[in-house]
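Take a look at the letters that make up each chain.
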Amino acid sequence: MSAAVLEPTGRVNVVSNTLTIARRNLLHIKANPEQLVEMSIQPLMFLVLFVYVFGGAIAGSSREYLQFALPGILIQGLAFTPFTTAIGLNVDFQRGLIDRFRSLPIARSAVIGGRIAADGVRIVWSVLIMTGFGVLLGFRFGGGAAGALGAFALAVAFGLTMCWPMAFIGITARATESVNTWGFMIILPLTFASSAFADPASMPGWLQAFVNVNPVTHVIDATRGLMLGGPVADPLLRAVIWLALIQGVFAPLAIAQYRRRV
Amino acid sequence: MSSAIEAEGLVKTFGSVRALDGIDMVAREETVFGLLGPNGAGKTTAIRVLSTLLRPDEGRASVGGYDVVRHPERVRRLIGLTGQYAAVDELLSGKENLYMIGRLLGLSSRLARARAVELLEAFDLSDAAAKLVKAYSGGMRRRLDLAASLVGRPRLLYLDEPTTGLDPRSRLELWGMIRALVADGATVLLTTQYLEEADQLADEIVVIDHGKVIAAGTPAQLKTRVGGQVLQAQPADPADLEATQRIMAEFAEGEDGTYTDGQMVMVRIADRSALGQAVRRLDEAGIVVEDLSLRRPSLDEVFLAVTGHLAEERTQTDETERSRS
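Note that the structure is a prediction, hence the values are computed from the model and not measured.

**Structural notes on the overall build of chain A**
Consideration 1: In terms of helices and strands, chain A carries 11 helices and 0 strands.
Consideration 2: In chain A, the order of α-helices and β-strands from amino to carboxyl end is α-α-α-α-α-α-α-α-α-α-α.
Consideration 3: The C-alpha radius of gyration computed for chain A amounts to 20 Å, which stays within 12% of the reference 18 Å derived for 262 residues, consistent with globular compactness.
Consideration 4: Seen through its principal axes, chain A has C-alpha atoms that stretch 70 × 40 × 35 Å.
Consideration 5: The buried share among the 262 residues of chain A stands at 42%.
Consideration 6: Pairs at least 24 apart in sequence give 77% of the contacts found in chain A among residues at least 6 apart.

Shown next, in the form of structure tokens:
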């Protein structure tokens, strides 16, 4: 078999390299089963707590609040999923694994690509489990099958897009703790100061100003519109523009930083 | 024999530090080439340049005939890299680690699995194949790391301080494996702070300090270059160590004077007659010696002669710093 191994003319296969790295990242779930709890139980807990603790106060009844809050909590949860990209890349740099990958004749993009592909699987999983559980609790899609599918697609696109700024943070930060600090500093206000949990009209003017330009608000409004059957066109357009912008800025930044970091 | 690695005038600076300050070296094929120096001398930077992980600021280097800056992807097909910090995935099993690398190198799923099994066998890791690397001992991890760099059967193997932190038995095992690889036709570039290791394994050595080559040659040449003989004396009573040192200093060649490891006093001498004289002088002073002998200089003495300090002195503090981080 030795002759078959590594002919110097062997071509680099980007797709295969990326899938191999993605598989490796997903295998980490097997080593750390808590990740499964984090991916599955935590968002459900969040949903139950928000709906039944605040639902009555905010919307008059928890049933009505579930309809309003599910799309928001879904997107809010997806904003946190890419933390695994950030922390994973950071740890790989610190452990010297990136050196190993970089010394191999593989596609340069495969390491970040494999990370994001693995997070894509987590994102799809989160979307399914969250909406599935929501339906069990009594959530009803008002926008029909097309609306539901559109909402899924937008939610997944949002999660994948958020991987890029998180990848940038993960590659740039020297220590894993600072990944957490910076990640939360950015993601927490973006998700809470949005239309996720309450109607922005009830907020003070200065906060409304922020909420209305917050890209997360537009993604949530569009998802909500698709899921419930409300107005969609305007928030969807804004959401798509924002996602393209975020990706357009942070994907090149993350890749440049990946190349630069020693 | 043709050269596997050639470097000319390599310079790499980090801020104001010149990590490499004009390194030249040539490593011949199917030999062990030792890159020797204390921590911070530039060894790891040199390896990183030669493995395409860093671009040199100046100078050029080629590996297997390919320029490291112009054809990095060619170079990467030829080399296997084992870093100072065992770069294996802790959250995968040993087998999954090797399988992953096989797949990344373009092996089919079946071949990658077979190669993983074969290497686990060769490195005595079959029993731990399915265990997470997190649970491996230091020696097992190092063996897996070496196995990982061999998946693609590289013609050139870079070993960056492969035995740092290993117990003596694991170190000997690793030495055996390195010798076997060279016998199989590989070329090994080895960095180490252990002079004994370079002496044992390397066909040729380059000693670097502060990013500059300060000596080069075969271990024998380096020892001859320092020249002369080493006279060593061990007083029976450790209290006589200082008195012994004073007497031995009379025979010192050059400016190094005597040095001691706490038990034994050593001095480089030019003239064999010093042995007889030393016997008389020590006897007159009433010092009983446990051991008094003449030998060829070790690489330690070479290092002392060319750098003005012993290799391990500076290493001690660096090692503590590393274990802390």
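Having seen it, we continue.
**Some thoughts on the sheet that holds strand β5 (residues 66–67) of chain B**
Residues and elements named next belong to chain B.
Consideration 1: Spatially, β2-β1-β4-β5 is the arrangement adopted by the 4 strands of the open sheet, whose pairing is antiparallel. Where the open sheet ends on each side, the last strands, each with one partner, are β2 (17–28) and β5.
Consideration 2: For strand β4 (residues 58–63) and β5, the ladder comprises 2 bridges, and the chain directions are antiparallel. Following the sheet pairing, Val 63 is matched in β5 by Tyr 66.
Consideration 3: The strands touched by helix α1 (residues 43–50) within the sheet are β1 (3–14), β2 and β4, with β1 carrying the most contacts at an inclination of about 120°.

**Quick look at the environment of Ile47(B)**
Residue and element names in this part refer to chain B.
Consideration 1: Along the chain, the position of Ile 47 falls in helix α1.
Consideration 2: Take Ile 47: there are 25 C-beta atoms within 10 Å of it, and that puts it in the buried class.
Consideration 3: Along the primary structure Ile 47 and Asp 160 are separated by 113 residues, whereas in three dimensions their C-alpha atoms are 7.3 Å apart.
Consideration 4: Not counting residues up to four positions away in its chain, the partners in contact with Ile 47 are Tyr 158, Asp 160, Leu 189 and Thr 191.

**Focus: the nonpolar core**
Consideration 1: Ranked by size, the top nonpolar core spans 89 residues in total, and within it Ile75(A), Ala167(A), Leu98(B) and Leu144(B) carry the most contacts.
Consideration 2: Considering every element that reaches this core, the biggest residue donor is helix α7 (residues 144–172) of chain A, with 13 residues.
Consideration 3: Those residues in contact with Leu144(B) that sit more than four places away from it in its chain are Val88(B), Gly94(B), Asn97(B), Phe123(B), Leu125(B), Val133(B) and Tyr136(B).

**Re the packing of helix α4 (residues 83–95) of chain A against helix α8 (residues 176–192) of chain A**
Residues and elements named next belong to chain A.
Consideration 1: The interhelical angle for the contact between α4 and α8, taken along N-to-C directions, is 155°, at an axis separation of 9 Å. One finds that α4 runs roughly antiparallel with respect to α8. Regarding α4 and α8, the two cross each other, and that crossing is right-handed. Residue-level inspection shows Phe 83, Ala 86, Ile 87, Asn 90 and Val 91 of α4 in contact with α8, the latter providing Thr 176, Val 179 and Gly 183.
Consideration 2: Partitioning the contact of α4 with α8 into residue classes produces 5 nonpolar, 3 polar and no charged.

**Quick notes on the sheet that holds strand β10 (residues 212–217) of chain B**
Residues and elements named next belong to chain B.
Consideration 1: Sheet architecture is open: 6 strands sit in the order β6-β7-β8-β3-β9-β10, paired in mixed fashion. If you trace the sheet from one side to the other, it starts and ends with β6 (79–82) and β10, each paired once. Strand-to-strand twist of the sheet, defined as the mean angle between neighbouring strand axes without regard to direction, takes the value 15°.
Consideration 2: Of the strand pairs in this sheet, strand β3 (residues 32–36) and strand β9 (residues 204–209) are connected by 4 bridges, and their pairing is parallel.

**A word on the domain arrangement of chain B**
Consideration 1: The assigned domain composition of chain B is domain 1 (3–222) and domain 2 (228–296).
Consideration 2: One C-alpha centre belongs to domain 1 of chain B, the other to domain 2 of chain B, and the line joining them spans 40 Å.

Reading the values: the criteria
- Residues numbered from 1 in each chain as written.
- Chains lettered and ligands numbered in written order.
- Predicted model: local features only at pLDDT ≥ 70, side-chain atom pairs only at ≥ 80, totals over all residues.
- Helix = DSSP H or I, 4+ residues; strand = E, 2+ residues; numbered from the N terminus.
- Rg over C-alpha atoms; globule rule 2.2 N^0.38 Å.
- Buried ≥ 20, exposed ≤ 12 C-beta atoms within 10 Å, placed from the backbone.
- Contact = placed C-beta atoms within 7 Å.
- Pairing = 2+ DSSP bridges.
- Axes fitted to C-alpha atoms, helices over the stretch in contact; angles between N-to-C directions.
- Core = buried A, V, L, I, M, F, W, Y, C linked by C-beta atoms within 7 Å.
- Parallel < 35°, antiparallel > 145°, perpendicular 65-115°, else oblique.
- Left-handed = near helix turned anticlockwise from the far one by under 90°.
- Nonpolar A, V, L, I, M, F, W, Y, C, P; charged D, E, K, R; others polar.
- Domains from an automatic or database assignment.

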